[in-house]
Amino acid sequence: MHRVTVQDRVFILIGTAHVSQESADLVRQVIDREQPDCVCVELDAQRYKALSEQRRLDDLDLKEVIRRKQLSPLIVNVILSSYQKRLGGQLGVMPGTEMLEATKIAKDLNIPIALCDRDVRVTLGRAWRSTPWLKKFLLLSTLLTSMFDRTTISEEMLRDIRQKDVLSEMLRELGELMPTLRTVLIDERDLYLAHHIRGAVGKRLVAVLGAAHIPGVQTHLAANRPIDLEPFNTIPPVSSLWRVVGWGIPALIVAALLMIGLQKGAGVAGENILFWILANGIPSAIGAAAALAHPLTILTAFVAAPLTSLTPVIGAGYVTAFVQAYFCPPSVRELHSVSDDVRITRQWWRNRLLRIFLAFILPGIGSLIGTWIGGVEIFSNLFS
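Since we're looking at a predicted model, the values are computed, not measured.

Undergrad: What's the story with the overall build of the protein in this structure? I'm lost.
TA: Helix and strand counts for the protein come out as 17 helices and 5 strands. A total of 384 residues make up the protein; the buried ones form 46% of that total. Taking all contacts inside the protein whose residues are at least 6 apart in sequence as the whole, residues at least 24 apart take part in 79%. Element-wise, carbon and sulfur atoms account for 63% of the exposed surface of the protein, whose accessible area totals about 19,000 Å².

Below is the structure:
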């Protein structure tokens, strides 16, 4: 617990672990003892609703998620939630219990509540968009490895992690390994949290935060300087370089096909076009079949991949995921169990939400492989 005094206001910061019963007990004790004018929590409206109503993925509009190209962040979110839930299961407390405990006791004492965190969708979107491609693969491999990690975490180990020197070392290592990820997940949210805590009503406030945010929020509150949040509230667009690459490769392939037609005739060009269709369609369809997707999803993968490979606007995986979600939507029970099922390999083919994830990932990989095979063949025929 840390106290920051700024002019005539006192901010009491409680650093917690999100899967710790000890943290939940501490939160209740401090709020009951301090009787603050307002209780600030590290939650946004979406996460608060999920915690308080225990709905989480129940009201998920999966087709809209796919339309908005937010399936990748959703997959990452499910894996992270699964990891936290597993730790919580070991300790007998679910993730976010201490935040929910803070809101409950605030309501019991008739104390105003301030939700101070950034929209989790913006945070995940910014984190994903700002992470370089190679680091994305490292991040995904780390997350996938964490799903099958069987290390037992105790309250004593969590208590050690919450110590300042250990936590600082962990954040330093994260900053060295993935600086952009640390910036989005920690540094930006420190600013966001400090701004909204400062804007909460009252002169004596308790703020319940994950321990990783305590040093940054403490510094920003003490500095008492205006914070412009506008740059941190949007998901950045795709970089200009990736736009050029995304449109440049398809343009070169189409140009190569036209040149083959002009130099060697329409028949040879037709053969190359057929090769492009098969080189893209077959691996993508195999990927959909490997996901045990709906037959129409497999057919869609074959038809869509040769076309989507010629445009960066949408990938084959998003088309196949949408078709799979349309014909095989997940049940409420499967939405409830996804954080458990994601840790069991065979459940990826049994849980229909996880199968949609597979129908997104595997056809996309197949289309990527087909694009390189087809492109190499077409350019080799152009110059042969």
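Undergrad: Explanation requested: the pairing of strand E1 (residues 2-6) in the structure shown.
TA: Remember that side chains alternate between the two faces of the sheet whenever the strand is regular. As paired strands, E1 and strand E2 (residues 9-16) are joined by 5 bridges and run antiparallel to one another. Across the sheet, residue Arg3 finds its bridge partner in E2, namely Ile12. Turn length for the E1-E2 hairpin, with the two strands adjacent in sequence and antiparallel, is 2 residues, and the turn residue Gln7 shows positive phi of about 55°.

Undergrad: Which parts of the structure should I look at to understand the packing of aromatic side chains?
TA: Two measures describe an aromatic ring pair: the distance that separates the ring centres and the angle between the ring planes. One pass over the structure, following the stated rule, counts 2 aromatic pairs. Ring centres of Tyr326 and Phe327 lie 5.1 Å apart, and the angle between their planes is 85°; this geometry places the pair in the edge-to-face category. You can call Phe327 partly exposed: its relative accessible area is 38%.

Undergrad: What's the story with the pattern of salt bridges in this structure? I'm lost.
TA: It is possible for side chains of opposite charge to pair when their charged atoms get near one another. Enumeration over the complete set of coordinates arrives at 15 salt bridges. One salt bridge connects Arg118 with Glu188, and the closest N-O pair in it is separated by 2.8 Å. With Arg118 in the loop between strand E4 (113-115) and helix H6 (120-130) and Glu188 in helix H10 (residues 179-198), this residue pair connects regions lying 70 residues apart in the sequence. Arg118 gets classed as buried once you look at its relative accessible area, which sits at 1%. By sharing partners, the salt bridges in this structure join Arg3, Arg33, Glu34 and Arg204 into a single network.

Undergrad: Can you walk me through the packing of helix H1 (residues 21-34) against helix H5 (residues 97-108) in this structure?
TA: Each packed pair of helices is defined by two parameters, the angle between the axes and the distance between the axes. The interhelical angle for the contact between H1 and H5, taken along N-to-C directions, is 25°, at an axis separation of 8 Å. Considering the angle they form, H1 stands roughly parallel to H5. Remark: the crossing between H1 and H5 carries right-handed chirality. Across the interface between the two elements, Ser23, Ala24, Val27, Arg28, Ile31 and Asp32 from H1 touch Thr97, Glu98, Glu101, Ala102, Ile105 and Asp108 from H5.

Undergrad: I keep staring at the UniProt feature "transmembrane region" (unreviewed entry) in the protein and nothing clicks. Help me out?
TA: When the UniProt feature table is mapped onto this chain, "transmembrane region" (unreviewed entry) is found at residues 241-261, 273-292, 298-323 and 353-374. For residues 273-292, helix accounts for 90% and strand for 0%, while the C-alpha atoms at its two ends are 28 Å apart. The annotated region residues 353-374 carries 100% helix and 0% strand content, and the separation between its end C-alpha atoms amounts to 32 Å.

Undergrad: Is there a simple way to explain the pairing of strand E3 (residues 38-41) in this structure?
TA: Here E3 shows a buried face lined by Cys38 and Cys40 and a second buried face lined by Val39 and Val41. In terms of strand pairing, E3 meets strand E5 (residues 204-210) through 4 bridges, oriented parallel. Paired with Cys40 across the bridge in E5 is Ala207.

Conventions adopted
- Residues numbered from 1 in each chain as written.
- Predicted model: local features only at pLDDT ≥ 70, side-chain atom pairs only at ≥ 80, totals over all residues.
- Heavy atoms only, no water.
- Helix = DSSP H or I, 4+ residues; strand = E, 2+ residues; numbered from the N terminus.
- Buried < 20%, exposed > 50% of the residue type's maximum accessible area, 1.4 Å probe, protein only.
- Contact = heavy atoms within 4.5 Å.
- Areas by Shrake-Rupley, 256 points an atom, 1.4 Å probe, with all protein chains shown as cover.
- Pairing = 2+ DSSP bridges.
- Phe/Tyr/Trp six-rings, centres within 6.5 Å; stacked < 30°, edge-to-face > 60°.
- Salt bridge = Lys/Arg side-chain N within 4 Å of Asp/Glu carboxyl O.
- Axes fitted to C-alpha atoms, helices over the stretch in contact; angles between N-to-C directions.
- Parallel < 35°, antiparallel > 145°, perpendicular 65-115°, else oblique.
- Left-handed = near helix turned anticlockwise from the far one by under 90°.
- UniProt positions renumbered as here; feature names shortened; annotations may be inferred.

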